Amino acid sequence: MDLFVIRGGTPLSGRLPVRGSKNAALPILAASLAAEGETRLANVPALVDVTTLSAVLRTLGVDVHRDADGMLVVRSESNEPCVAEYDLVRKMRASVCVLGPLLGRRGTARVSLPGGCNIGHRPIDLHLRGLASLGADVRLEHGYVVATASSLLGAQIDLAGPQGSTVTGTCNVMTAACFAKGRTVITSAAREPEVVDLAHYLNAGGARISGLGTDVVEIEGTDGFAGVEHQVIPDRIEAATLLIAGLMTGGDVTLENVVPTHLTAVLDILRQMGAFVEIRGATIHVHAAGPLSSVSFVAEPYPGIPTDVQAQLTALLTLARGKAEVVDRVFPDRFLHLPELARMGADVRRAEGGAHVFGVKSLSAAPVMASDLRASAALLLAALSAEGDSILRRVYHLDRGYERLEERLAAVGGQIRRLTEAELSNCRPEELFSDHAPVREPHFAVTSPKSRGSRREQSL
Ligand code: UD1
């Protein structure tokens, strides 16, 4: 199992391109199984989650590969298989995104229920209710969702849950509704840019979806949609993470390839804290003009501050002046990063529905454990800002959502080594950041070690 050794204290400085959005790529990739003909996706990040969903699609008779230009090329070779097995789905909840496309195109979907999740209770009742409203027979059998329909019928569907709408649920119902007879109206639809990106892909292939980016989405049923070429939007969560990394290290960072309007709520809070934020076209430049001040915030569905940035902002607040209250309305129990941040000297306390963060002057390096994707990002940021060497274990969480993050941060001055436990115990501390230190590839990448630096990404 890989870990990171992080030598903190170096301000990050320079330009960083942002990769394509994981959370946009996954539902689009899932929907492409239902497309007539070939889909070609540009800007799909090389992540473990993309590899996992590609494996799910292959078991469903879909050919998925990267071409020489790095495009992800997808084509359904068979309309027969309809089963997404537990062994793959349990690795990644977003596999549930195949449910709507399978039901719409193939009339049957048998998809394993994803099971538990570290960030809190994550039911899929709204997905199932939505598909049932379209006329599908939906049952739970032996840990699987079994949905069948000889034909789907447009309907009025409300996707409001106790914590707001559902992102992947909206994707599932919207995609299935492309195959329904007549008009479907989804109220309380998720407004996230990733849902809009999926709708753009579907519409380009002939679907008729309107109300994009609002909470009322209308779908005129057609015979489905054709495969098209589509460019996935930049990852706003990665962008926010990198901006916060720049600020936490007292650095000066310019992000390229971003859609600044997708980050309005995050940029607002950074400005309120006292950060310098400048937007120019598709770039965002940040630096801390002086010490940052604490600002309380609530993580909410889009256009609010994303729950996927809550942990990173909480990490930033540990170094701000004053006290802040953090509430996560989407996943109220998503605070597993707090005890680990406390191990690094942060003054953080769990409170009803959230956390209280009292800023401290500095954090101190420590061994810490990642519990989930965004918590690991928060710990990495904290370690980059702390004096000394921290060890971040279970970085496989990070690899699910950030492409080669350690290498990209190294390009702007971050000192991070990826090692195994065995390599760590065989490496003297003074060697860790020398040229003799072992160099490891993320395990999901198939690359030639000889071509490091000029290599061509072969993984999905
Ligand atoms: C997506 C994102 C995830 C992000 C989350 C919230 C992907 C692949 N993942 O996850 O990174 O953290 O949105 O922005 O895009 N809920 C129900 N019933 C349901 C479905 C959800 O009650 O049927 C609840 C959830 O428990 C949660 C809230 O609704 O409290 C939002 O969840 P949802 O938007 O569905 O999250 P995901 O789509 O799984």
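That block above? That's the structure.
So, here's what we can say about the structure. Worth saying up front: this structure is predicted, and the values here are computed from it rather than measured.

A look at the site of the ligand
- Within the structure, the ligand sits among 20 residues, and L126, T166, T168, D308 and V330 are positioned closest to it.
- Contacts to the ligand include R122, whose side-chain N or O atom sits 2.9 Å from an oxygen atom.
- One of the side-chain nitrogen or oxygen atoms of T168 is found 2.6 Å away from an oxygen atom of the ligand.
- Considered on its own, the ligand offers 730 Å² of accessible surface; in the complex 90% of this is hidden by protein.
- Elements supplying a minimum of two residues to the shell around the ligand: α5 (125-133) and α6 (167-177).
- Here the shell around the ligand takes three residues from α5, the largest share from any one element.
- Residue composition of the shell around the ligand, by class: eight nonpolar, eight polar and four charged.
- Here the shell around the ligand spans two domains, since at least three of its residues come from each of domain 1 (2-19 + 234-444) and domain 2 (22-233).

Topic: the pattern of salt bridges
- Taken as a whole and judged by the stated rule, the model has 29 salt bridges.
- A salt bridge links E403 to R19; the shortest N-O distance between them is 3.2 Å. Of this pair, E403 sits in the loop between α13 (396-401) and α14 (405-410) while R19 sits in the loop between β2 (13-17) and α1 (22-31), and the two are 384 residues apart along the sequence.
- For E403, a relative accessible area of 9% translates into the label buried.
- In this structure, the salt-bridge partner of R40 is E229, at a minimum N-O distance of 3.7 Å. With R40 in strand β3 (residues 39-42) and E229 in strand β14 (residues 229-231), this pair connects stretches of sequence that are 189 residues apart.
- Of the residues examined, R40 reaches a relative accessible area of 24% and is grouped as partly exposed.
- Salt bridges sharing partners connect three or more residues here, namely E38, R40, D67, R75 and E229.

So, how was this worked out
Residues numbered from 1 in each chain as written. Predicted model: local features only at pLDDT ≥ 70, side-chain atom pairs only at ≥ 80, totals over all residues. Heavy atoms only, no water. Near = heavy atom within 4 Å. Polar contact = N/O pair within 3.5 Å; in protein donor to acceptor, adjacent residues only side chain to side chain. Areas by Shrake-Rupley, 256 points an atom, 1.4 Å probe, with all protein chains shown as cover. Helix = DSSP H or I, 4+ residues; strand = E, 2+ residues; numbered from the N terminus. Nonpolar A, V, L, I, M, F, W, Y, C, P; charged D, E, K, R; others polar. Domains from an automatic or database assignment. Salt bridge = Lys/Arg side-chain N within 4 Å of Asp/Glu carboxyl O. Buried < 20%, exposed > 50% of the residue type's maximum accessible area, 1.4 Å probe, protein only.

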